[in-house]
Amino acid sequence: MSDPDADWEVLESVTEYETGWYTGGYDLVEQPDGSEKKYYWAELAPAAVVVASTGEEVVFVEQYRPAIGQTHLELPAGIIEDGESATEAGARELREETGFEADGVSLLQRMWVATGAMRHERAIVFAEGLTPTEQELDDNEFLTVRSVPVEEALERGREEPTNDATVEGLLLAREEGLL
């Protein structure tokens, strides 16, 4: 059986800009019919999204998102640092953003996000056994911790405005019988 990826030769890969948050550019690709086309992309660091449950409640954060000009109720999330696993990053982000330390964190799913235009991998993790501690917010994090009863979490997470990571995380946790 032939490798279907072999039919898509990258002739040139160009980075057009770099920011502190992402890199953008394009790949000039020879398509299977022999024609050439530029495919534009934005590359972001991998991230972990945390579904954190006390057993009775799910922990959310409410924060303003300047890119879209809206305040969202969403799951805690953040970048997976070099050398960290997705579960280690999830536990760290949960502690930093919400002030909860988790006794246990498990990986629910790793996935590529918006594959038509992005190079971004996301991990959804589940955290339990939560103990209150101190928040350690970054200088660009202005958020409020909100807890929602487990039976209302998916409904609240789907209320507009919402985002893909929150809905995905809640659905995966529910599918696994964790919510």
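Residues numbered from 1 in each chain as written. Predicted model: local features only at pLDDT ≥ 70, side-chain atom pairs only at ≥ 80, totals over all residues. Heavy atoms only, no water.

Going by what an unreviewed UniProt entry lists, the protein is known as NUDIX hydrolase and is assigned to Halalkalicoccus tibetensis. Of the protein, the UniProt comment under Cofactor (unreviewed entry) reads exactly: "Mg(2+)". (UniProt positions renumbered as here; feature names shortened; annotations may be inferred.)

(A) Quick look at the packing of helix H2 (residues 150-158) against helix H3 (residues 164-175). Between H2 and H3, whose axes approach to 9 Å, the crossing angle comes to 155 degrees. Taken together, the axis directions place H2 and H3 in an arrangement best described as roughly antiparallel. Relative to H3, the crossing made by H2 is left-handed. When H2 is examined against H3, the residues Ala-153, Leu-154, Gly-157 and Arg-158 are found in contact with a partner set consisting of Thr-166, Val-167, Leu-170, Leu-171 and Arg-174. Residues of the contact of H2 with H3, tallied by class, amount to 5 nonpolar, 2 polar and 2 charged. (Axes fitted to C-alpha atoms, helices over the stretch in contact; angles between N-to-C directions. Helix = DSSP H or I, 4+ residues; strand = E, 2+ residues; numbered from the N terminus. Parallel < 35°, antiparallel > 145°, perpendicular 65-115°, else oblique. Left-handed = near helix turned anticlockwise from the far one by under 90°. Contact = heavy atoms within 4.5 Å. Nonpolar A, V, L, I, M, F, W, Y, C, P; charged D, E, K, R; others polar.)

(B) Layout of the packing of aromatic side chains. Evaluation of the coordinates by the stated rule reveals 3 aromatic pairs. Seen in terms of ring centroids, Tyr-17 and Tyr-22 are 6.0 Å apart; in terms of plane orientation they differ by 90 degrees. Their pairing is edge-to-face. Under the relative-accessibility criterion, Tyr-17 is labelled partly exposed at 39%. A relative accessible area of 33% places Tyr-22 in the partly exposed class. Directly above the ring of Tyr-39 sits Lys-37, whose terminal nitrogen or CZ lies 5.9 Å from the centroid. (Phe/Tyr/Trp six-rings, centres within 6.5 Å; stacked < 30°, edge-to-face > 60°. Buried < 20%, exposed > 50% of the residue type's maximum accessible area, 1.4 Å probe, protein only. Lys NZ or Arg CZ within 6 Å of the ring centre and 35° of its normal.)

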